[in-house]
Structure formats: structure tokens, C-alpha cells
Amino acid sequence: MDLEKPGLYYDEVLFVNAALGEAVPGLFVHSRLFDTPVQLMPYIGALKAWLFAPIFAVFGVTPLTIRLPSLIIGAAGLWIGFLTVRRTLGARWALIFTGLCAASPGFFLVTRHDWGPDSLMLLFKAISLYCLVRWIQSGRKKWLAALTLTFALGLFDKLNFIWYIAAFAAATPLCFPSAFRILLNKHAGKALAIAAVFGVAAAIFILPLLELPDLATMLPRLNQITTLINATFDGNSIQALFLEEEVPLYYRWSFILLACLVAGMLLLACNIWRSWQRRNLSVKTITQYPPLDWALKLSSFSAIVGTIIFLEIVITPQAGGPHHAMMIFPYPQLILVAACACWANLPTKISKPVRNAGVVLTAFAIVVVLLADAQATVYFQRQISQTEKFKAKWSTAIYELGDLVNEKEATNSYNNIVLGDWGLATQLIGMVSAPSRRKMLDYWPTFSMRMEKSAAIRAEDDQRIYEMAPFIGILFAEEHASFSATRSGFIDALNSIDVDYTIDIIHDGDEALYEVYTVTPRNPDAH
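In this text, all values refer to a predicted model and were calculated from it rather than measured experimentally.

Rules behind the numbers
Residues numbered from 1 in each chain as written. Predicted model: local features only at pLDDT ≥ 70, side-chain atom pairs only at ≥ 80, totals over all residues. Heavy atoms only, no water. Disulfide = S-S within 2.5 Å. Buried < 20%, exposed > 50% of the residue type's maximum accessible area, 1.4 Å probe, protein only. Axes fitted to C-alpha atoms, helices over the stretch in contact; angles between N-to-C directions. Helix = DSSP H or I, 4+ residues; strand = E, 2+ residues; numbered from the N terminus. Parallel < 35°, antiparallel > 145°, perpendicular 65-115°, else oblique. Contact = heavy atoms within 4.5 Å. Nonpolar A, V, L, I, M, F, W, Y, C, P; charged D, E, K, R; others polar. 1 Å grid on protein atoms, 1.4 Å probe; cavity = no way out; pocket = protein on both sides within 12 Å on 5 of 7 lines; lining within 4 Å. Points joined across faces, edges and corners; volume = space filled by probe spheres on them. Salt bridge = Lys/Arg side-chain N within 4 Å of Asp/Glu carboxyl O.

Trainee: Looking at this structure, how should I read the state of the cysteines?
Mentor: Structurally, a disulfide amounts to a covalent bond that connects the sulfur atoms of two cysteines. Evaluated as defined, the whole model comprises zero disulfides. Lacking any disulfide linkage, C340 is separated from the closest cysteine sulfur, that of C342, by 9.3 Å. Residue C340 is classed as buried on the basis of its relative accessible area, which comes to 3%.

Trainee: Is there a simple way to think about the packing of helix 7 (residues 141–157) against helix 8 (residues 162–175) in this case?
Mentor: Between two packed helices, what matters for the description is the angle formed by their axes and the separation of those axes. At a minimum axis distance of 9 Å, the contact between helix 7 and helix 8 shows a crossing angle of 150°. By the angle between their directions, the pair helix 7 and helix 8 is classed as roughly antiparallel. Two secondary-structure elements touch here, helix 7 through L147, F151 and L155 and helix 8 through I162, Y164, I165 and F168. When its residues are assigned to classes, the contact of helix 7 with helix 8 shows seven nonpolar, no polar and no charged.

Trainee: How should empty space enclosed by the protein be read in this particular structure?
Mentor: Summary: where empty space remains is shown by rolling a probe the size of a single water molecule over the atoms. Summed over all chains, the structure comprises four cavities of 30 Å³ or more. Estimates place the volume of the largest cavity at around 230 Å³. Lining the largest cavity we find 19 residues, and of these G77, G81, F97, A126 and P330 sit closest to its centre. Those elements that place two or more of their residues in the lining of the largest cavity are helix 3 (63–88), helix 4 (91–103), helix 6 (119–138) and helix 16 (331–344). The biggest single contributor to the lining of the largest cavity is helix 3, with six residues. Estimated volume of the second largest cavity: approximately 80 Å³.

Trainee: Explain the pattern of salt bridges here, please?
Mentor: Any two side chains of opposite charge can pair, so long as their charged atoms come close to each other. According to the stated counting rule, one finds 15 salt bridges in the structure shown. With its nearest N and O atoms 3.2 Å apart, the salt bridge here joins E388 to K5. Linking E388 in the loop between helix 17 (352–386) and helix 18 (397–411) with K5 in the segment before helix 1 (16–19), this pair joins segments that are 383 residues apart in sequence. On the basis of relative accessible area, K5 is assigned to the buried category, the value being 11%.

Below, the structure is given as C-alpha cells:
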């Protein structure tokens, strides 16, 4: 699959430093417990770093050890989804659902380049639905415990998992009212205690991070997020991060998403009607659903969860990336499959032509989605394999940069490796040798405000920078600088202190991409 392409991206590997035991102190380590990183950022936990630490310890840090495990995690989510649908609708529908999910270009690209991160989120969502189904079918408390643990791990992985937990909690009593009554009758105290714990955790960790939505911008925001979800499910919003070309799609997901929403809401009405019909049945009977009931419940559950998550994204000002839109996956796919299963399992008293027409219509939609998504996914993989030049922040030249730093470190002794711009540190931690990692300084914030600082503060900065020499400094080339002020501040600092420097240029194709400064004091004795 040529996992080295595109080059490793800054956000994709922000967990690597913590997984390596905090090789660079403080870099993406927000909090610790007994010297162990617990949070990478205020809203991202260290779960992924913990999982990858033994992989890196055994196999080292490479594009393969970073990306292949993410793909395996995504595949595990598909397998859990298959098991869920097989237990409720049957093996045939489980295969169709899994095929739809596996063909999705959004799923393929997000799990291949897990910059969100999203792979663990998708896995935990799959496990949570499986646990709910197993509890409904068996009534065993261990599945409720597993569901609670899954929610906790998802929230620890990334706090926006609260979107899913809230949507799940709202959809369950609407779609599984009988099971919900059993939960309240038998486990009300425990359920309330668990809800209180999650509520307190949300109040402590999530509320301080929230921004109030601007109600005046809600209509444009609705359009923006709708467009984002459409472009995420067809893959374009993701590939646009690193590829220049847009995939020639035969359809757009917007129509499919609308159709899924309408179908889901209609099936929700049917589900409520069926639940009302069965309201006086025994406890055992009301949780032993036939395939038609499961199809109704899964489709309506998916429609409610997907709709609520969509609205949560809309009212969250910080949300707006494809990794947020993937929170809705794979509910449109599940609605399509469940809707087709509904038609196929209608009672025989419904005329056969009507049932067949419904099956053909929904099956046609499934085939269209499957073929179009598979075509897009194959296209994206082919483009990734054949492309030699990606966008700057995803360039494969990052590997050449790592090799050059290692080469310089092998031939000379440098005190520090100073990163003078944003977007370099997390990748290089994995690319350079262990001794070099300990010398890395992600110093770009110092340079970013340099020109606005007083002369006295600049002089203090200059003294610190001078004392770092000899060092290696790294920048993006001028046309690719993340922040022009940061680049200007770095160069101004070098020209303000008593050092000499040479510059090595690393190109991406015929375009300069990185500048590597070898900085030495002019008067080593005085230094």
C-alpha cells in the first residue's frame, strides 16, 4: 500500500513523543500521572501513545509502524460491525454492510492517515453498539459494564467522543424502549451513578474548553458542515489535504445522506409503532426481536445518532474538519442496509410486488454507493502510489530531512536541534536517532513574536540562542513557511548574534522545501 506516501504529517504523529517516553520534554504532553503522560492536549488523551509504545519499542518508529496499526484498528472496527449486524440481521446483511464500510474512501483515508485521531474513535463506536446489542439479547450485566468501559476509553482518547455518548444516550430509549425500561427497573441506581460520573467528567474537562456558538451564523454553519460531511464521505475533503487533484466521482454523498435521513426517520416512526404494539408482551419477548424489528431499530437508531452528532458539530465552533465529520460514519451505511433488510423481512401479508419493489430500490442505492465508493477509494490509493510530490506539510521529503539531520549528527557534535517553524517537530522525533531526539527544541513560539518584543527581551532571547551553538536549525523554505513572522524572527536572531551559518536546501521535486542551518559560534573560545 506504499505507506510511506504521503509523508508523515505533524498532527498524525503528535502522539509519538509521548509513546517514546517523552523524548522531548513537554512536547505534546499536557499532563502526567507518576511521570507517565496522561494527556497529550487538553482534549486528547494519551491512550494512543500507550498502545503504540510497545510497537515502537520493538519495531522502531517508521511510517509502517505508525500507519499499519491504525489500519488494523480500523479493520477491527469493521469486524466488530460485521458481528453486530450478523447477530441482528444475519450474515448476508453483515457482509453487505461491511463491504459498504470497507469501500468508503473517507474510512480508508482517515484510518490510513490517522491525524484526527479517528481510528480508535471508530473502533469504540463499533464496540459500543455491539455491547448494546449483546446486552439486549442476553440481559447479562457484563455487557453494560463493557459498554461503560468503552465510553470511558472513547472519552479518554478524545473528549469530542462526548458527541457520540450523548447521541447514543438519546437514541437508545427512543429505539429500544423496552430494553431501556429493563435498565431502569433493574439497574437504575448504577445507571444514574455512571451518568453522574460522566457528567462530572464533562463538567471538569469539557466545559472549560467549549465556546458558545454564534446564533447569527447558524444557517451558514449548517451549509458549511453539510458540505464538509458530503466532501468527507466522498473523500475529497481528506485527499485535498495532501493531493491537488479532485476525484472524478459519479455521484455526491449529499443526496445519499438526505435519503438516509428521510428513510431513517420514516423507519423510526415504524419502530415506535411496532414498539407500541408489543408494549404488553413479556420481558423476555420484548428483547427477542425478529429481523424486521432489528432492521427498524438499527436504522432509526442510526438516523437519530447521525442527526444529533451533525447538530453537535454545527453548534461547536471549534469543529470543522473531516476528522470531526467522520464521527457520523458508518450510520448512513447502516441505514441503507437496514432499510433494505426491512423490505426483505416485511410480513407476507404485504403484497410481494410491493416488497420486491422496496428491496430493488434500496438494493440499487446500495450498489450505487458501493461501486462509486470503491471506485473513489481505488482512485485515491492509485493517486497516492503514483504521486511523487504532495502538499508541503505532507511531503515525503521529510524522510530526507531526517536522514540529513542524522548524517550531520554522525559527523559532528551539536548541542541542539532548533526547530524554527511550526509543523516539523513531531515527524522529526520519529525520523532522527535517539541521541538527536534529546537535543530537539521546538522553539518556533520564541521566534513568532520576536519583532514585537522589546529590545531588552530580544537581547535575552539572543543570549539563550547564542549559548545553544553549535546547533542545527530547521525551517521551511520561504514560500512554504507556516508562519512568515516565525521564519523572519529566526533569521533575524541568527543575524543578531555572533555566529556563522551555512544552509543546506532540501527540495521536493524542483521546489525548495526545507532549509537546514548549521550554526557555529564565530569565536569558539569566547563562547
